[in-house]
Amino acid sequence: MTAVTLAVLLGTIAAWEIYCRTAEWLRPSLRNSDGLWAITRDRIDREDGGVAIVGSSRVLFDINLATWRELTGGLPIQLALEGTNPAPFLTHLAQETSFKGVLIVGVTEFLFFSPVPDVDDRYKTLVAFKQRTPTDRASQWLSMNLFEPFAAFYDPDFALFTILRRQPWWPARDGLRLQLPAVRKLANMDRNRQFLMWDRVERDPAFQKVARDIWLAYLSAPPPPIAPGTFMQHVQGVIAQAQSDVAAIRARGGEVVFLRSPSAGPFLELEHAAFPRQQFFDPLVKGTGAAGVHFEDFADLQGFELPEWSHLAAGQTPAYTRALVPHLRAALASRGTPRRELGQ
């Protein structure tokens, strides 16, 4: 009986793996887990310098780490998290570490200046980092070394209950608050936290439409409730906190660069309308005294392929990174602070 049960189990897993690799275009990829983020975050304490990146998904997808290392000689510490306001992570590095390298902060305005505490609940990643146990460390090591690199079906977007939740047959209940669709799988990741867009988003028109339709649902959702006249006060508070954080990093010899990555289509249209740079990005850079790079200021940071309007296609990231690094160098040099971390 044990042998039969084991054979059925292994056969079922093998069938599901074959299905996922063929019909669902999957291939093995590491999970963007709290544990892997924590392993990457540990480099801050060991290296105490270099280049670190915080932000949301655009700097996670768009910066090609291998190209960056080729250009500068160093591997960035990639700490960006999708769907998350990076401001608390900027504060964490400024106030709770001795980091004195170059910190690149990705600015997606509707996240960075959002009055909502968290869009994707990824702040728990920072809490989990501070509360890690030996069991957590062992579990992460076992998963990322013995299972994730080999099993395509292990992707969270294709877990059984995740698949069931997104089926169309569930009836809408009266009084249920607005339920936005869950963001689907968009990328694959390696152990350096290099995100590269999943080729299905680029090559499968039906799935690309799914990804775009989900973004349209988010873009058309009503804004979060906030008392009239208080939003710009909130924005000023965000800038004031960022000013304090930047000052703390600069006081010990570090530098900060705020980076506005490319977007397109309905995303860019909404961002222009709701978050004009004259009221958000520019005051952030000026108010903090940090360096700033905005993609709309440079022709060579524009014209890239963004299949779902918000992130670069995987094959575009090396060229984008090659164009970006000189602008980061120039932004720091213009402030009189050339940095060896960027090959200056």
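Relevant structure appears above.
By convention here, each chain's residues receive numbers from 1 onward along its written sequence. Where totals are concerned, whole chains, interfaces and linings use all residues; where local detail is concerned, this predicted model gives features only for residues with pLDDT of at least 70, and gives and counts side-chain atom pairs only at 80 or more. The basis for the side-chain values is all heavy atoms of the structure; hydrogens and waters are excluded.

Caption draft 1: Just the packing of helix H11 (residues 205–220) against helix H13 (residues 265–274), in detail. At a minimum axis separation of 10 Å, H11 and H13 run at an interaxial angle of 15 degrees. Relative to H13, the element H11 is oriented roughly parallel. In this structure, H11 meets H13 at a crossing whose hand is left-handed. Judged by residue contacts, Trp215, Leu216 and Leu219 of H11 engage Pro266, Phe267 and Leu270 from H13. For the contact of H11 with H13, the residue count by class is 6 nonpolar, no polar and no charged. Between N-to-C directions, angles span 0 to 180 degrees; the directions come from axes that are lines fitted to C-alpha atoms, helices contributing only their stretch in contact. Helix and strand definitions here come from DSSP, where helices need a minimum of 4 consecutive H or I residues and strands a minimum of 2 consecutive E residues; each element is numbered from the N-terminal end. Between 65 and 115 degrees an angle is taken as roughly perpendicular, under 35 as roughly parallel, over 145 as roughly antiparallel, and anywhere else as oblique. What makes a crossing left-handed is the near helix being turned counterclockwise from the far one by less than a right angle; a clockwise turn instead makes it right-handed. Throughout, a contact is declared for two residues whenever any of their heavy atoms are within 4.5 Å. As a working rule, the residues Ala, Val, Leu, Ile, Met, Phe, Trp, Tyr, Cys and Pro are called nonpolar, Asp, Glu, Lys and Arg charged, and the rest polar, with Gly in that last group.

Caption draft 2: Highlighting helix H14 (residues 281–288). For the exposure calls, accessible area comes from a 1.4 Å probe over protein chains only, and a residue counts as buried if that area is under 20% of its type's maximum, exposed if over 50%, partly exposed in between. Restricting attention to buried positions, one finds in H14 the residues Phe281, Leu284, Val285 and Thr288. Looking straight down H14, one finds its buried side chains confined to an arc of 95 degrees; they lie on one side. Each C-beta atom gives one direction from the helix axis, and the arc is the one those directions make.

Caption draft 3: Structural context of the layout of surface pockets. Put plainly, a pocket is an open set of points on a 1 Å grid over the protein atoms alone with protein on both sides within 12 Å along at least five of seven lines, a cavity is a set where a 1.4 Å probe fits but cannot get out, and a lining residue has an atom within 4 Å of a point. Grid points are joined across faces, edges and corners, and a volume is the space filled by probe spheres set on the points. In this structure, the second largest pocket occupies an estimated 210 Å³ of space. The wall of the second largest pocket is formed by 13 residues, among which Gly35, Arg132, Asp136, Arg137 and Gln140 lie closest to the centre. Looking at the lining of the second largest pocket, the elements that each hand over two or more residues are helix H2 (34–47), helix H7 (124–130) and helix H8 (134–146). Among the residues making up the lining of the second largest pocket, the classes are represented as 6 nonpolar, 3 polar and 4 charged.

Caption draft 4: Spatial organisation of the packing of aromatic side chains. Put simply, two rings from Phe, Tyr or Trp (the six-membered ring, in Trp's case) pair if the centres are within 6.5 Å, and we call them stacked under 30 degrees between planes, edge-to-face over 60, tilted for the rest. Tallied over the entire structure, the rule returns 18 aromatic pairs. Summarising the aromatic geometry, the rings of tryptophan 37 and phenylalanine 89 are spaced 5.8 Å apart at their centres and angled 65 degrees between planes, so their arrangement reads as edge-to-face. One end of the pair, tryptophan 37, is in helix H2; the other, phenylalanine 89, is in helix H5 (residues 87–96), and 52 residues separate them in sequence. Considered together, tryptophan 37 and phenylalanine 89 belong to a single accessibility category, that of buried residues. Relative to phenylalanine 280, the ring of phenylalanine 275 has its centre 5.1 Å away and its plane inclined at 65 degrees; by these criteria the two rings are edge-to-face. Like phenylalanine 280, phenylalanine 275 is buried.

Caption draft 5: Spotlight on the pattern of salt bridges. Salt bridge, as used here: a side-chain nitrogen of Lys or Arg that lies within 4 Å of a carboxyl oxygen of Asp or Glu. Tallied over the entire structure, the rule returns 21 salt bridges. Where arginine 41 meets aspartate 45, a salt bridge forms, and the shortest distance between an N and an O atom there is 3.0 Å. You can see arginine 41 and its partner aspartate 45 sitting in helix H2, 4 residues apart, about one turn around the helix. The class for arginine 41 is buried, based on a relative accessible area of 3%.

Caption draft 6: Here's a closer look at H11. By this rule, a helix spans an expected 1.5 Å times one less than how many residues it contains. Helix length check: H11, at 16 residues, gives a terminal C-alpha distance of 22 Å against a target of 22 Å (1.5 Å per residue), a fit within 8%. For H11, every residue scored as buried is listed here: Phe207, Gln208, Ala211, Ile214, Trp215 and Leu219. Relative to the axis of H11, the buried residues are bounded by an arc of 140 degrees and lie together on one face. Residues of H11 that are exposed and point over 90 degrees away from its buried face: Pro205, Ala206, Lys209 and Ser220. Of the surrounding secondary structure, the elements contacted by the buried residues of H11 are helix H10 (199–203) and H13. Residues adjacent in sequence count toward polar contacts only when both atoms are side-chain atoms; beyond that, a polar contact is any pair of N or O atoms within 3.5 Å, and within protein one must be able to donate a hydrogen and the other to accept it. The N-cap residue of H11 is aspartate 204: its side-chain oxygen and the backbone nitrogen of alanine 206 are 3.1 Å apart.

Caption draft 7: Structural detail: the nonpolar core. Only buried Ala, Val, Leu, Ile, Met, Phe, Trp, Tyr and Cys residues count toward a nonpolar core, and they belong to the same one when joined by side-chain atoms within 4.5 Å. Formed by 52 residues in total, the largest nonpolar core has its most connected members in Ile63, Trp68, Ile104, Leu259, Val293, Leu324 and Leu328. When residues of this core are assigned to their parent elements, the largest contribution, 7 residues, is made by helix H15 (residues 317–333). Residues contacting isoleucine 63, with those up to four places away along its chain left out, are Ile53, Trp68, Gln194, Leu259, Thr321 and Leu324.

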